[in-house]
Amino acid sequence: MTQTIPATLISGDGIGPEIMSSVTTVMKALDAPFVWEHHAAGMGALEAEGTPLPESTLDSLRRTGLALKGPLTTPVGTGFRSINVTLRQQFGLYANLRPTKTIVPGGRFENVDLVVVRENIEGLYAAMEHYLPVGDDPEAVAYGAGFNTRAECNRIVRFAFEYAVANNRKKVTLVHKANILKILSGIFLHEGRRVAAEYEGRIAVEERIVDACAMELVIKPENYDVIVTTNLFGDILSDLAAGLVGGLGMAPGANIGEKVAVFEAVHGSAPDIAGKGVANPLALMMAGSMMLAHVGRQDLSGRLDMAIEQVVTSGGIRTRDLGGTATTQDVTQALLQAIQ
Ligand code: NAD
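If you look the protein up in an unreviewed UniProt entry, it shows as Isocitrate dehydrogenase from Gluconobacter wancherniae NBRC 103581. Its UniProt record gives the protein a comment under Sequence similarities (unreviewed entry), which states: "Belongs to the isocitrate and isopropylmalate dehydrogenases family."

If you want it as structure tokens, here you go:
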């Protein structure tokens, strides 16, 4: 009998329940090992339980150490922090992993296959910002600070190199802005070089200043394999990379810590199309595939990836965001056929 693995499942808001239902249906057909613990978060949880991140959801995550999460609508003007940021901080989800691969043909680029590894808890997202008064204007100057620790820079670069080794990748690019931010970004580059030296002869290393990297990514994305960078740069570059291969509907992500890993689609709750049955479930499906690989079920992950590729290429089954007319249900059915 296959070993079962308890996992927290958060359907989320907007299109969340529609795409999550597609993923759990396909996971079941694949005979995936997950036993889902259903929990709420986001707007739905706020309305039902008075908080966007109930303690029962956090407890489940502490117990399972593993979650598949649908998109969450961030309540505006309620004083609540972003749930995604809270989860990252609370569980020390220090690595954000964003694979980007050309799957849909006829896009801007045919040969993109890269992974952005973004440091997820430090940098300029530490939200240490305030105004400074000048004269009678109390908000004359906006001041913000960030921090990067040597230990965290070391850990994230090591994560990227270990990922490269485990996934048969050939090169890691350290992306920085140490020419200007000599200390804040310098510590990342310095630590990155130290870690890279340990992998000499096994994984190639390159360095790029972030602006040059952005330009090169839109001209020759096939030059990149694994990119590792600090929080803000990683946020921007990973969305840029998603845009190279068909947009947010095809972009999965993982937030990984020492004890907990949360898998999700990169896109939001898409309120404009919620309830219409036309959302693309593939980003969340690919997040599910990453989750299978994370628990050592590369066999199932590979089958799911192949099915996804087959459905959108030879099958030609594509939702509106990919230029097609298929519904969420059409994609689910096509995937079920493809994995048989
Ligand atoms: P969004 O990603 O929800 O939508 C942007 C555009 O992309 C919309 O036109 C939408 O219809 C389209 N889109 C997104 N996902 C799609 C899919 N799977 N299939 C087809 N089309 C899709 O971004 P937004 O409108 O800026 O944000 C809406 C809400 O989601 C906000 O409350 C925001 O805070 C939240 N959000 C959550 C997450 C998360 O939970 N990880 C990420 C981003 C935004």
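Caption draft 1: Molecular detail of the packing of helix α9 (residues 282–294) against helix α10 (residues 298–312). Put simply, α9 and α10 touch, their axes get as near as 7 Å, and they point 160° apart. Considering the angle they form, α9 stands roughly antiparallel to α10. Every pair of crossing elements has a handedness; the one defined by α9 and α10 is left-handed. Facing Leu 282, Met 285, Met 286, Gly 288, Ser 289, Leu 292 and Ala 293 of α9, the residues of α10 in contact are Gln 298, Leu 300, Ser 301, Leu 304, Asp 305 and Ile 308. When the residues that make up the contact of α9 with α10 are grouped by side-chain class, the tally is eight nonpolar, four polar and one charged.

Caption draft 2: View of the pairing of strand β4 (residues 95–101). Most of β4 sits inside the fold, with six of its seven residues counted as buried. Pairing of β4 with strand β5 (residues 113–119), which is carried by seven bridges, proceeds in the antiparallel orientation. Bridge pairing in β5 links Pro 99 to Val 115. When β4 meets strand β11 (residues 252–256), the two strands line up antiparallel, connected through three bridges. Along β11, the bridge assignment pairs Asn 96 with Asn 255.

Caption draft 3: Inspection of the site of the ligand at higher detail. The local shell around the ligand holds 21 residues, among which Thr 74, His 267, Gly 268, Ala 270 and Asn 280 are the closest. Of the residues in the shell around the ligand, the class split is nine nonpolar, nine polar and three charged.

Caption draft 4: Summary view of the sheet that holds strand β3 (residues 66–69). Taken together, 10 strands build an open sheet; the order of strands is β2-β1-β3-β12-β11-β4-β5-β10-β8-β9 and the sheet is mixed. Strand pairing shows two members of the sheet lacking a second neighbour, β2 (34–39) and β9 (204–209), which therefore form its edges. Pairs of neighbouring strands in the sheet enclose a mean axial angle of 25°, with direction left out of account. With five bridges connecting them, β11 and strand β12 (residues 261–265) associate as antiparallel partners. Paired with Ala 254 across the strands is Phe 263, a residue of β12. Sheet contacts for helix α6 (residues 186–198): β8 (171–176) and β9; angle to β8, the most-contacted strand, approximately 165°.

Caption draft 5: Highlighting the pairing of strand β6 (residues 123–134). Buried residues are scarce in β6, accounting for one of its 12 residues. Note: β6 against strand β7 (residues 137–147), seven bridges, orientation antiparallel. If you follow His 130 over to β7, its bridge partner there is Tyr 143. Connecting β6 to the next strand, β7, in antiparallel fashion are two residues, including Gly 135 with a positive phi near 60°.

So, how was this worked out
Residues numbered from 1 in each chain as written. Predicted model: local features only at pLDDT ≥ 70, side-chain atom pairs only at ≥ 80, totals over all residues. UniProt positions renumbered as here; feature names shortened; annotations may be inferred. Axes fitted to C-alpha atoms, helices over the stretch in contact; angles between N-to-C directions. Helix = DSSP H or I, 4+ residues; strand = E, 2+ residues; numbered from the N terminus. Parallel < 35°, antiparallel > 145°, perpendicular 65-115°, else oblique. Left-handed = near helix turned anticlockwise from the far one by under 90°. Contact = placed C-beta atoms within 7 Å. Nonpolar A, V, L, I, M, F, W, Y, C, P; charged D, E, K, R; others polar. Buried ≥ 20, exposed ≤ 12 C-beta atoms within 10 Å, placed from the backbone. Pairing = 2+ DSSP bridges. Near = placed C-beta within 6 Å.

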